[in-house]
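Residue-level structural notes
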Amino acid sequence: MSREIQVTFDCADPAALAAFWAEALGYKLQDPPTGFATWDDALEAMGVPASRRNDANALVDPAGNGPRIFFQRVPESKQAKNRVHLDVRAAPGLQGDERMNALETEATRLTSLGATRLQRFDPNPPLAAGTIVMRDPEGNEFCLD
């Protein structure tokens, strides 16, 4: 039996990190519950105080194919390198210079949104196609692949 998965980020600012990843992945914020125009309206109706309305946030793939991505506020900051990370497939099927140029273009776009570039790994055939390692605005590592 197969299962759906959800990717969860612990973070300090769920709304801000969700906004970054929505832009990075082409995802959208999850719609509020039926009957509510906004999440703020829904949370107010649920009795959630204003100070707690940025405790969580979620993104969904508008095409319905990718996993839901959930962001939850935690009190501690990131302490070490991620043991699991996302690979953003920015150049599927491309090779060599064409691939690396596509990755560089995406790295520039994501840097303008608050990401930090860490390291470039050039292609090393036949095993490595080339990647760029980055960090999101809260320091979570991810790869442009």
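One can find the structure itself at the top, above this paragraph.
1. Side note on the pairing of strand β7 (residues 131–135)
Inspection of the sheet shows strand β6 (residues 116–121) paired to β7 by five bridges, in the antiparallel sense. Looking at β7, one finds that Gln119 is bridged to Val133. Sheet analysis places β7 next to strand β8 (residues 141–144), joined by four bridges and oriented antiparallel. Looking at the pairing, Ile132 lines up with Leu144 of β8. Counted between consecutive antiparallel strands, the loop separating β7 from β8 contains five residues, among which Gly139 sits at a positive phi close to 95 degrees.

2. Observations regarding the nonpolar core
Counting residues in hydrophobic clusters, the biggest one holds 23 residues, and the most contacted among them are Trp21, Leu59, Phe71, Leu110, Met134, Phe142 and Leu144. Counting residues per element, the ones that place at least two in this core are β1 (6–11), α1 (14–25), β4 (68–73), α3 (96–112), β7 and β8. In terms of residues, this core owes the most to one element, α1, which gives six residues. When sequence neighbours within four positions are dropped, the list of residues in contact with Leu110 reads Phe20, Ala24, Ala115, Met134, Phe142 and Leu144.

3. Notes on the sheet that holds β4
The strand order across the open sheet formed by four strands is β1-β4-β3-β2, and the pairing between neighbours is mixed. Each end of this open sheet is capped by a strand with a single partner; those strands are β1 and β2 (28–29). When strand β3 (residues 56–60) meets β4, the two strands line up antiparallel, connected through four bridges. Along β4, the bridge assignment pairs Ala58 with Phe70.

4. Quick word on the packing of aromatic side chains
For the coordinates displayed, the defined rule picks out five aromatic pairs. Seen from their ring centres, Phe20 and Trp21 are 5.2 Å apart, and the 85 degrees between their planes marks the pair as edge-to-face. Accessibility assignment for this pair places Phe20 and Trp21 in one class, buried. On the basis of an interplanar angle of 70 degrees and a centroid distance of 4.9 Å, the ring pair of Trp21 and Phe142 is categorised as edge-to-face. With Trp21 in helix α1 and Phe142 in strand β8, this pair connects stretches of sequence that are 121 residues apart. When sorted by exposure, Trp21 lands in the same class as Phe142, which is buried. Aromatic ring contacts, followed pair by pair, group Phe9, Phe20, Trp21, Phe71 and Phe142 into a single cluster.

5. A short note on the sheet that holds β7
Taken together, four strands build an open sheet; the order of strands is β5-β8-β7-β6 and the sheet is mixed. With partners counted over all chains shown, the strands left at the sheet margins are β5 (86–88) and β6, one partner each. Strand-to-strand twist in this sheet, taken as the mean axis angle between neighbours without regard to direction, amounts to 25 degrees. As judged from the three bridges shared by β5 and β8, these two strands associate in the parallel manner. Across the sheet, Asp87 pairs through a bridge with Cys143, a residue of β8. Most of the contacts of α3 go to β7, to which it runs at about 10 degrees, and overall it touches β6, β7 and β8.

6. Section: α3
With 17 residues, α3 should cover 24 Å at 1.5 Å per step; its first-to-last C-alpha distance of 25 Å lies within 8% of that length. Looking only at α3, the buried set comprises Arg99, Met100, Leu103, Glu106, Ala107 and Leu110. All buried residues of α3 project into a common sector of 125 degrees when viewed along the axis, lining one side. Those residues of α3 that are exposed and aimed more than 90 degrees away from the buried face are Asp97, Glu98, Asn101, Thr105, Thr108 and Ser112. In this structure, the buried residues of α3 make contact with α1, β6, β7 and β8. Of the residues flanking the end of α3, it is Gly114, one or two places downstream, whose phi is positive at about 115 degrees.

Cut-offs applied
All chains use their own residue numbering, which begins from 1 and follows the written sequence. Local features are withheld for residues below a pLDDT of 70 in this predicted model, meaning they are given only at 70 or higher, and side-chain atom pairs are given and counted only at 80 or more; totals for whole chains, interfaces and linings count all residues. Remark: hydrogens and water are excluded; side-chain values derive from all non-hydrogen atoms of the structure. At least two bridges found by DSSP between two strands is the condition for calling them paired. Secondary structure elements follow DSSP: runs of H or I of four or more residues count as helices, runs of E of two or more count as strands, with numbering from the N terminus. What makes a nonpolar core is a set of buried Ala, Val, Leu, Ile, Met, Phe, Trp, Tyr and Cys residues whose side-chain atoms join them at distances within 4.5 Å. Accessible area is worked out with a 1.4 Å probe on protein chains only. A residue is then buried under 20% of its type maximum, exposed over 50%, and partly exposed in between. Should any heavy atoms of two residues lie within 4.5 Å, those residues are considered in contact. Here a pair means two rings of Phe, Tyr or Trp (six-membered ring of Trp) with centres within 6.5 Å. Their orientation is stacked below 30 degrees between planes, edge-to-face above 60, and tilted elsewhere. Where helices are involved, their axes are fitted lines through C-alpha atoms of the stretch in contact, as for all axes, and angles between N-to-C directions lie from 0 to 180°. Expected helix span is computed as 1.5 Å times (number of residues minus one). Along the arc lie the directions from the helix axis toward the C-beta atoms.

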